[in-house]
Amino acid sequence: MKKTIYSALFLSIFYFCSSQAQMLSVKPYFGYATVKMGEVNDDAKTRIKSLAEQTQQALLPPDPLNGDYAWGFQVEYHLEENYFLNVNSYYFREKTATDNFNLFDQPIEFDVNRRIEYFEISIGINYYFDYNSWRRVNTYFGAGGGLGLGWSKSNFKYNDSKNFVNNSGDVSSNALTAYGCLGVRIRLFPFMFLTTEIGAHFANLGQMTGQYRVDQRVNSEYLNYTNKDYTTAAAFNYSGYYITVGTGFVIPFVK
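Remember, it's a predicted structure, so these values are computed and weren't measured experimentally. (Residues numbered from 1 in each chain as written. Predicted model: local features only at pLDDT ≥ 70, side-chain atom pairs only at ≥ 80, totals over all residues. Heavy atoms only, no water.)

Caption draft 1: Representation of the side chain of N86. By the secondary structure assignment, N86 is in strand β3 (residues 83–97). Overall, N86 belongs to the buried group, its relative accessible area being 1%. Only 2.8 Å separates the side chain of N86 from the side chain of N88, close enough to count as a polar contact. In this structure, N86 is in contact with Q74, V75, E76, S122, I123, G124, I125, N126 and Y179, ignoring residues within four places of it in sequence. (Helix = DSSP H or I, 4+ residues; strand = E, 2+ residues; numbered from the N terminus. Buried < 20%, exposed > 50% of the residue type's maximum accessible area, 1.4 Å probe, protein only. Polar contact = N/O pair within 3.5 Å; in protein donor to acceptor, adjacent residues only side chain to side chain. Contact = heavy atoms within 4.5 Å.)

Pasting the structure below:
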C-alpha cells in the first residue's frame with residue numbers, strides 16, 4: 001500500500017513538474033575562476049625588491065594572485081521556447097602569504113599577507129539548443145552583465161635588528177561587468193538537474209581607493225602616517241575564465 005502511494009506521489013510530481021513547472025529553477029554552484037592580477041603582483045614584487053635592496057636581505061614575494069575557488073547562486077526563469085532569463089550571484093576570494101623565516105641564521109620576521117575578494121550580481125539570458133524538458137541532456141550558451149564589487153586587504157611586516165616595517169592597506173572599488181558562457185544541463189529527475197558551465201568573465205575594477213597605513217623605520221628613516229584617501233597604483237582586474245558545477249531544483253510554478 002505504501003509503495004503504491006509513494007509511486008503515485010512520485011508520478012504526480014513527475015507529471016506536474018514536467019508539464020507545468022519547468023519554468024522556475026534555483027541552482028547553487030561551485031567552481032574555479034582565474035583572475036588577471038598582473039599589475040597587482042608586479043606592484044608587490046617592486047615593493048619587496050625595494051625593501052630587499054635597502055636592508056640587504058634576500059626577500060622573496062609570496063605566490064602571485066592568479067585564481068581560486070568561486071561559488072554563487074542562480075535563479076532561472078523559462079521565458080519562452082529556448083530562452084531562459086536568469087539572475088546570478090557570484091563570489092570569489094583568494095589569499096596569498098609568505099612565512100616567517102631566518103636568513104643566515106639571523107632571526108628576521110618577514111610576513112606578507114594579501115587577500116582579494118569579489119562579489120557580483122548579474123542578469124543574463126541563456127539560449128538552449130532545441131530545448132525539451134524531457135530530454136536528458138540540454139546544451140546552451142548565454143551572456144549577461146551586472147555590477148561587481150571588489151575588495152583588497154594587505155599586511156606587510158618586516159623586522160630585523162635595525163629595521164622594521166608594519167604597513168597595511170584596505171581598499172575597494174566597483175564597476176559594470178559582463179560574462180559569456182557555454183553549458184550543459186543534465187536532467188536527473190523532473191525536479192532536479194546538474195549543470196556544468198565554462199565561461200569568460202570581464203570585470204576590470206581598475207584602481208581601488210581606501211585607507212593605507214604606514215609605520216616603518218628603514219635605514220634610520222622613520223615614517224608613521226595614515227592615508228584615508230589612498231588610491232592604488234595598480235589596477236585590480238578580476239577578469240578571467242571560470243568553470244562551475246551546480247545542482248538545480250525546479251520549483252513548482254504554474255503558468
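Caption draft 2: Looking closely at the pairing of β3. Alignment of strand β2 (residues 67–80) against β3, held across 10 bridges, turns out to be antiparallel. Counted as the bridge partner of E76 is N86 from β3. Hairpin remark: β2 followed by β3, antiparallel, with two residues in the connecting loop; positive phi at E81, about 45°. (Pairing = 2+ DSSP bridges.)

Caption draft 3: Structural detail: unusual backbone geometry. Even without a glycine there, the phi angle at Q56 is positive, about 60°. Mapped onto the elements, Q56 comes out in the loop between α2 (38–55) and β2. The residue S220 is not glycine, and still its phi comes out positive at about 70°. Assessed through its relative accessible area of 72%, S220 is described here as exposed.

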